[in-house]
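# A structural walkthrough
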Amino acid sequence: MRQARSRDAGPAPYGAAMSSHANSSYQQDATELVARTARAARSAQRSVAAARRELKDAGLHAMADGLLEATEEILAANRDDVERARAEGMTEGLIDRLSLTPDRIAAIAVSLREIAGLPDPIGEVVDGQTLPNGLRVRRVRVPMGVVGMIYEARPNVTVDVAALTLKSGNAVVLRGGSAAAHTNSAIVNVLRAALVSTGLPADLVATIDSAGRAGAAALMQARGLIDVLVPRGGAGLIKAVVEQSAVPVIETGSGNCHIYADSCVDLEAAVPLIVNAKTQRVGVCNAAETLLVHHDVADRLLPTVAAALWDEGVTLHADEAAETALRGPAARAGCEALLVPATEEDWATEYGSLDLALRVVSDLEEAVAHISQWSTGHTEAILTQDIAAMNRFTGAVDSAVVMVNASTRFTDGGQLGLGAELGISTQKLHARGPMGLAALTTTQWIVEGDGHVRP
């Protein structure tokens, strides 16, 4: 599987930049800060690992209340970050991910309350049995411990991760990126105050943003202090963390997501679904980046879906067959500039913008082959009314999430009943797909005997 390129991949050279430019004393200071912060988080986590659900839920509701009360303060900090980002040339897709509004803060508060309403995973019995020798064995969920998070300009992640780690009995050390520095600082202050107000330790949520990239490097090397590290952002950041971290990593993936419109597609339903998947929020990892269309329906579907996408300002990067079918409609609509030839690079690109790669395929097998070559293993969708095609596609596509007649935008912890998400895992060990509370736990074997000795 090829690694998708992202045109908004973010700061790829975390390790390289620090090794060549960071002052050694600054790195030492960052290492000491990470160690102090992680030790304080460990102490806080031990006090909450077996806490009653009622106490953790009270903390979540206090966080929600605190965010709503501090909305104006958070928005002011966010405006500073957005203005600086625009001045530095950040793309509009990333600006959208960075930006908060009163409605977005209200939605974050709602998600906190939803997480409070979810079952507590800690202590859940995963499986168990009584052995022939009388030993009673069960495997139960326990917290991971101290979670490290390195992520880019997404301040909602600050809240999502803090909420999920609290509910699952963990602590978190955050490195949120310079682009959202003011916003994250304001949010973390609110969350820590909310914890204290309910009798929980503030150090369950901590940030090392003040240490900059040196802090990220130190976090990656904090094996023994940080139990698991989760990167969330562009392909460059994720690659750097996976390759350079001494701490175990749960890898989240970039989203080169595909939609395949089969020969038995419902043409009327397909158009708004494709537009939603591409344009509802272009800068997110579950936005569609490539549309594959069966040649039997290309002449009927392509002009209609292209017109709807052009109305939203989407540039179509079309292969030869699709470009031929759309050249006339583009000219009549005055949208010639929004129809360009596709190159091989387009198949590998996570745009994060109003761009969509477009290819006509001969059949489902060619669509599956294309996805197998270019997908990042995040989310793929098939639009079909043929059950055999649906079963073949879902069985053949090796991605974390496969949608059938649904927008790729539903690959989201909140949308899939998790309340929020730590990220979308595209790996196959421990967790895959949207990661909620269960993904922040490990298991412990409890073995009960009656004076048993091994013969």
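Residues numbered from 1 in each chain as written. Predicted model: local features only at pLDDT ≥ 70, side-chain atom pairs only at ≥ 80, totals over all residues. Heavy atoms only, no water.

## Overview of the sheet that holds strand β10 (residues 315-318)
The condition is simple: The rule for pairing is simple: two strands pair if DSSP sees at least two bridges between them. Helical segments are the DSSP runs of H or I of at least four residues, strand segments are the runs of E of at least two, and each set is numbered from the N terminus. Helix axes are fitted only over the stretch in contact, all axes being lines through C-alpha atoms; the angle between N-to-C directions runs from 0 to 180 degrees. Contact between two residues is taken to exist if any of their heavy atoms lie within 4.5 Å; hydrogens are not considered.
Spatial strand order, β11-β10-β13-β9-β8-β14-β15: seven strands in an open sheet with parallel pairing. Strands at the two margins of the open sheet, each flanked by one partner only, are β11 (339-341) and β15 (401-404). If you compare each strand with its neighbour and ignore which way they point, the axes differ by 25° on average. The pairing of strand β14 (residues 379-383) with β15 spans four bridges and is classified as parallel. By the bridge assignment for β15, Ile382 is matched with Val404. This element, helix α11 (residues 267-279), spans β8 (257-261), β9 (288-294), β13 (355-361) and β14 of the sheet and lies at about 155° to β9.

## Regarding the nonpolar core
For the record, the criterion: What makes a nonpolar core is a set of buried Ala, Val, Leu, Ile, Met, Phe, Trp, Tyr and Cys residues whose side-chain atoms join them at distances within 4.5 Å. Think of it in three bands: with a 1.4 Å probe and only protein chains considered, a residue is buried below 20% of the maximum accessible area for its type, exposed above 50%, and partly exposed in between.
Counting residues in hydrophobic clusters, the biggest one holds 76 residues, and the most contacted among them are Met63, Leu67, Ile74 and Met149. Not counting the four nearest positions on each side in its chain, Ile74 is found in contact with Leu67, Leu100, Ile105, Thr183, Ala186, Ile187 and Val190.

## Some remarks on the pattern of salt bridges
Rule in force here: The salt bridge criterion pairs a side-chain nitrogen of Lys or Arg with a carboxyl oxygen of Asp or Glu, the two atoms within 4 Å.
According to the stated counting rule, one finds 23 salt bridges in the structure shown. For Glu365, the salt bridge is made with Arg392, and the minimal N-O distance between the two is 2.8 Å. Residue Glu365 is located in helix α15 (residues 364-374), and its partner Arg392 is located in helix α16 (residues 387-396); the two are separated by 27 residues in the primary sequence. Judged by its relative accessible area of 41%, Arg392 is partly exposed. A single salt-bridge network, built from bridges that share partners, covers Arg136, Arg138, Glu448 and Asp450.

## A word on the packing of helix α7 (residues 155-167) against helix α8 (residues 181-197)
The test is simple: We call two directions roughly parallel when the angle between them is under 35 degrees, roughly antiparallel when it is over 145, roughly perpendicular when it lies between 65 and 115, and oblique otherwise. We call a crossing left-handed when the near helix sits turned anticlockwise from the far one by less than a right angle, and right-handed when that turn is clockwise.
It is the contact of α7 with α8, at a shortest axis distance of 9 Å, that shows an interaxial angle of 25°. For the element pair α7 / α8, the angle class is roughly parallel. Handedness of the α7/α8 crossing: right-handed. Where α7 approaches α8, its residues Pro155, Thr158, Val159, Ala162 and Leu166 are matched on the opposing element by Thr183, Asn184, Ile187, Val188, Leu191 and Leu195.

## A few points about the packing of aromatic side chains
To keep things clear, this is the line we draw: When two rings of Phe, Tyr or Trp (its six-membered ring) have centres within 6.5 Å they constitute a pair, described as stacked for plane angles under 30 degrees, edge-to-face for angles over 60, and tilted for the intermediate range.
Evaluated as defined, the whole model comprises one aromatic pair. Between Tyr260 and Phe393, the ring centres sit 6.1 Å apart and the planes meet at 20°, which makes this aromatic pair stacked. With Tyr260 in strand β8 and Phe393 in helix α16, the pair connects residues that are 133 residues apart, well separated along the chain. Neither residue differs from the other here; Tyr260 and Phe393 are each classed as buried.

## Observations concerning helix α3 (residues 53-69)
Spelled out, the test is: Each helix should span, by expectation, one fewer than its residue count multiplied by 1.5 Å.
Here α3 contains 17 residues, and its C-alpha end-to-end distance of 24 Å stays within 8% of the 24 Å for a straight helix at 1.5 Å per residue. If you check which residues of α3 are buried, you get Lys56, Asp57, Gly59, Leu60, Ala62, Met63, Ala64, Gly66 and Leu67.

## Considering the domain arrangement of the chain
Where we set the bar: How far each domain reaches was decided by an automatic or database domain assignment. By convention, the term buried area covers the 1.4 Å-probe accessible surface removed from two parts as they join, with the contributions of both added. We define a polar contact as two N or O atoms separated by no more than 3.5 Å, with the added condition that, inside protein, one atom must be a possible hydrogen donor and the other a possible acceptor, whereas residues neighbouring each other in sequence contribute only through side-chain atom pairs.
When its domains are assigned, the chain resolves into domain 1 (27-244) and domain 2 (257-416). Computed from C-alpha atoms alone, the centre-to-centre distance between domain 1 and domain 2 is 34 Å. Tallying the contact residues gives five residues for domain 1 and five residues for domain 2. Interface area for domain 1 against domain 2, summed over the two sides, is near 470 Å², with a carbon-plus-sulfur share of 38%. Where domain 1 packs against domain 2, one counts one salt bridge. Here Arg281 ties to Asp96 by a salt bridge, and the two come within 2.8 Å at their closest N and O atoms. At the junction of domain 1 with domain 2, the criterion picks out two residue pairs in polar contact (both at pLDDT 80 or more).

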